[in-house]
Amino acid sequence: MNQIGISSLTLEELTAFVKKQGQPAFRAKQIFHWLHQRNVKNFSQMTDQPKSFIAQLEEICRIETLSIERRQQSKDGTVKYLFRLPDGNCIETVWMQYSYGNTVCVSSQVGCRMGCRFCASTQGGRIRNLTAGEIAGEIYAAMEDMQQRVSHIVLMGIGEPLDNFDNVMDFLSIISSPEGINVGMRNISLSTCGLVPMIEKLADRHLQLTLSISLHAPLNEMRSSMMPVNDAYPVEQLIQACRDYQKQTGRRISFEYAMVRGVNDSDSTAQELARLIHGMGAHVNLIPINPVDGSPYSATDAANVKRFQQTLLNLGVNATVRRRLGTDISAACGQLRREAKGGTAT
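Values in this document were obtained by computation on a predicted structure and should not be read as measured data.

Rules used in this analysis
Residues numbered from 1 in each chain as written. Predicted model: local features only at pLDDT ≥ 70, side-chain atom pairs only at ≥ 80, totals over all residues. Heavy atoms only, no water. Buried < 20%, exposed > 50% of the residue type's maximum accessible area, 1.4 Å probe, protein only. Helix = DSSP H or I, 4+ residues; strand = E, 2+ residues; numbered from the N terminus. Pairing = 2+ DSSP bridges. Salt bridge = Lys/Arg side-chain N within 4 Å of Asp/Glu carboxyl O. 1 Å grid on protein atoms, 1.4 Å probe; cavity = no way out; pocket = protein on both sides within 12 Å on 5 of 7 lines; lining within 4 Å. Points joined across faces, edges and corners; volume = space filled by probe spheres on them. Nonpolar A, V, L, I, M, F, W, Y, C, P; charged D, E, K, R; others polar. Core = buried A, V, L, I, M, F, W, Y, C linked by side-chain atoms within 4.5 Å. Axes fitted to C-alpha atoms, helices over the stretch in contact; angles between N-to-C directions. Parallel < 35°, antiparallel > 145°, perpendicular 65-115°, else oblique. Left-handed = near helix turned anticlockwise from the far one by under 90°. Contact = heavy atoms within 4.5 Å. Arc of directions from axis to C-beta.

**Student:** Could you give me a rundown of the pairing of strand β5 (residues 90-98), with the residues and numbers involved?
**Tutor:** Burial analysis of β5 places seven of its nine residues in the buried class, which makes it a mostly covered element. Where strand β4 (residues 79-84) meets β5, six bridges bridge the pair, whose relative direction is antiparallel. The partner of lysine 80 across the bridge, within β5, is valine 94. Connecting β4 to the antiparallel partner β5 that follows it, the hairpin turn spans five residues, and glycine 88 within it adopts a positive phi of roughly 100°. The sheet contact formed by β5 and strand β6 (residues 101-106) spans five bridges and is antiparallel.

**Student:** How would you sum up the pattern of salt bridges? Please name residues and give values.
**Tutor:** Counted by the stated rule, this structure contains 13 salt bridges. With a shortest N-O distance of 3.1 Å, lysine 41 and glutamate 144 are connected by a salt bridge. Of this pair, lysine 41 sits in the loop between α2 (26-36) and α3 (51-60) while glutamate 144 sits in helix α4 (residues 132-146), and the two are 103 residues apart along the sequence. In this structure, aspartate 145 and arginine 71 form a salt bridge, with 2.7 Å as the shortest nitrogen-oxygen distance. Linking aspartate 145 in helix α4 with arginine 71 in strand β3 (residues 67-73), this pair joins segments that are 74 residues apart in sequence. Look at arginine 71 and you get partly exposed, because its relative accessible area is 36%. A network of salt bridges, in which partner residues are shared, links Asp87, Arg128 and Glu134.

**Student:** Could you give an account of the layout of surface pockets, naming the residues involved and the relevant values?
**Tutor:** Over the atoms rolls a probe the size of a water molecule, and its path tells where empty space is left. Of the volumes computed, that of the second largest pocket is approximately 180 Å³. Lining the second largest pocket we find 18 residues, and of these Asn39, Lys41, Thr65, Leu66 and Gly137 sit closest to its centre. Listed by contribution, the elements that provide at least two residues to the lining of the second largest pocket are α2, β3 and α4. Take the lining of the second largest pocket: its biggest share by element is six residues, from α4. In terms of residue class, the lining of the second largest pocket is made up of seven nonpolar, seven polar and four charged.

**Student:** Run through the nonpolar core, naming residues and quoting values.
**Tutor:** Counting residues in each nonpolar core, the largest one holds 103 residues, and the members touching the most others are Ile6, Ile139, Phe171, Leu172, Phe255, Val284 and Leu312. It is α4 that provides the largest number of residues to this core, a total of nine residues.

**Student:** I'd like a rundown of the packing of helix α1 (residues 11-20) against α2, residues and numbers included.
**Tutor:** The interhelical angle for the contact between α1 and α2, taken along N-to-C directions, is 125°, at an axis separation of 8 Å. With respect to α2, the element α1 is oriented oblique. With respect to the hand of their crossing, α1 and α2 are arranged in right-handed fashion. Packed against α1, whose contacting residues are Leu11, Leu14, Thr15 and Val18, the element α2 presents Arg27, Ala28, Lys29, Ile31 and Phe32 at the interface.

**Student:** With reference to specific residues and values, describe the sheet that holds strand β12 (residues 254-259).
**Tutor:** Here ten strands make up an open sheet; going across it, the order is β3-β4-β5-β6-β9-β10-β11-β12-β13-β14 and the pairing mixed. Edge positions in the sheet fall to β3 and β14 (318-321), since each of these pairs with one other strand and no more. Recorded for the sheet is a direction-independent mean angle of 20° between the axes of neighbouring strands.

**Student:** Residue-level account of α2, with values.
**Tutor:** Taken residue by residue, α2 has Arg27, Ala28, Ile31, Phe32, Trp34, Leu35 and His36 as its buried positions. The arc enclosing the buried residues of α2, seen along the axis, measures out at 165°, which places them on a common side. Where α2 is buried, its residues meet α1, α3, α4 and α5 (165-175).

These figures come from the coordinates and say nothing about function on their own.
Right under this line is the structure:
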């Protein structure tokens, strides 16, 4: 019998489930509290539930829990986790400390099928999607280990969030619920490599999260050489979807731009980037890439990053350089997972 992953149910879905089991609706909120505020691992810990109902839950449901397979802590306080899922697969999660609070970067898939050539996450392909409960479980497990609360979340770990659309939307509902840990949507960032139909679908939801586009190049030939997704959704189509998204949601978009030596880091490329996003009021986040085994790319030097940034600023583009965290702990996404299996995907 296939058990229901109860920790993946939104409060609305959980309420419908509880009523279907012949229980009063208020029990759904109680169970949601146990799962998403108290982070219980077993139904027997739900002390306000009737024993008969506990037995029923144990038979037909499962709580999706993660275990720490490996933990690395950087000198700067960044912690990188390799979490093992119940089916034996592994994913990565990163805890980052900033002056404004703690941020957790979560994975949304086991592996990735997008094929970006500078990313370790995609080298073994996609194994499967994560459930909403598993994504939330990354945050709960990290909070339990650190004994601290999370204030911000970024969906920027292993996987393409919009390639796992329904589960990610359920995760957002769960994690932002006042009945759970209540992380506000404005404190959540979702990063995508540019799946245009899914960006349009996301816009229809009018969520107040920050949409980050992994752009990395302003020209089609250049971007396609780095990101195969550009063959399906060229730069012009992607930027139009971004402009439409901004118009529909009223939310400013952030563009992620990984600086690769000799590929996308010239002054002329900066000028093309400024031209491409002119008038959007968008923010560009310049990222000195972390070294990845098996990738042909290397990071551009700090002086060139600074020059690229200054060119954008001179052209009226708001551009910042991402602070590099965890460079001493296999910081590039997917590396720890590969190392755990001797260089192969789990």
